[in-house]
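Spelled out, the chains give:
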Amino acid sequence: MLVSEPAETINSWIASQGGGFAPPGCFTALGWWENGELVGGLTWSYYNGKHCLVNLALSQKRFPRALIEASLDYSFNKLALRRLTFIIAASNITIVTGK
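Residues numbered from 1 in each chain as written. Predicted model: local features only at pLDDT ≥ 70, side-chain atom pairs only at ≥ 80, totals over all residues. Heavy atoms only, no water.

### Digging into the packing of aromatic side chains
What counts is decided by this rule: Any two of the Phe, Tyr and Trp rings considered here, Trp counted by its six-membered ring, make a pair once their centres fall within 6.5 Å; the pair's planes then place it as stacked at under 30 degrees, edge-to-face at over 60, or tilted in between. Labels follow the DSSP assignment, with helices taken as runs of H or I lasting at least four residues and strands as runs of E lasting at least two, numbered in each case from the N terminus. Only protein chains enter the accessibility calculation, which uses a 1.4 Å probe. A residue is then buried if its area is under 20% of the maximum for its type, exposed if over 50%, and partly exposed in between.
Under the definition given, this model contains one aromatic pair. With centroids separated by 4.9 Å and ring planes inclined at 70°, the aromatic side chains of W44 and Y74 adopt a geometry described as edge-to-face. Highlighted residues: W44 in strand β3 (residues 37-45) and Y74 in helix α2 (residues 65-78), separated in sequence by 30 residues. Overall, the relative accessible area of 4% leaves W44 in the buried class.

See the structure below:
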């Protein structure tokens, strides 16, 4: 299930998974819950009208399609961004490779 609140909980969970930490009070968050547990999340911060930074974490080796679609819609349709920079710790690289 897609959620945007509580944003601080999503942000803290992302940080606990090695996905970085957005500055408190200066970000937007989306999370994905399965079976009563947060399993994926993104935060957008440092928005300047055309670009922002995204922190990302997943606890499973897959990115739920609905979370991908919602995050891309938010980024490129609602915020009208031209570019995203993802902040992913080297220790969390399996988020990208799936390995």
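### So, helix α1 (residues 7-16)
Owing to its 3.6 residues per turn, the α-helix aligns residues three or four sequence positions apart on the same side. So the rule is basically this: Working definition: the arc comes from the directions between the helix axis and the C-beta atoms, pointing outward to the latter. Only heavy atoms enter the contact rule, under which two residues are in contact if any of them lie within 4.5 Å.
Taken together, the buried positions of α1 are occupied by A7, I10, N11, W13 and I14. End-on, the buried residues of α1 take up no more than an arc of 165°, which puts them together on one face. Contacts from the buried residues of α1 go to β1 (2-3), β2 (27-34), β3 and β4 (51-58). Count one or two residues on from α1 and you reach G18, which has phi positive near 90°.

### Some words on the nonpolar core
Cut-off, in case you're wondering: Put simply, buried Ala, Val, Leu, Ile, Met, Phe, Trp, Tyr and Cys residues joined by side-chain atoms within 4.5 Å make one nonpolar core.
Among the nonpolar cores identified, the biggest contains 15 residues, and L42, W44, L67 and L84 are the most heavily contacted of them. When contributions to this core are tallied by element, the ones reaching two or more residues are β2, β3, β4 and α2. At four residues, the largest contribution of residues to this core is made by β4. Those residues in contact with L84, other than ones at most four positions away along the chain, are W44, H51, C52, V54, S75 and F76. One finds I10, W13, F27 and L38 within the second-largest nonpolar core, a separate group that totals ten residues.

### Comments concerning unusual backbone geometry
Cis geometry marks the peptide bond from E5 to P6; its omega dihedral reads -5°. Following the sequence through the fold, P6 ends up in the loop between β1 and α1. One non-glycine residue with positive phi stands out, namely Y46, at about 55°. A residue is classified by how much of its surface remains accessible, and Y46, at 56% relative accessible area, is exposed.

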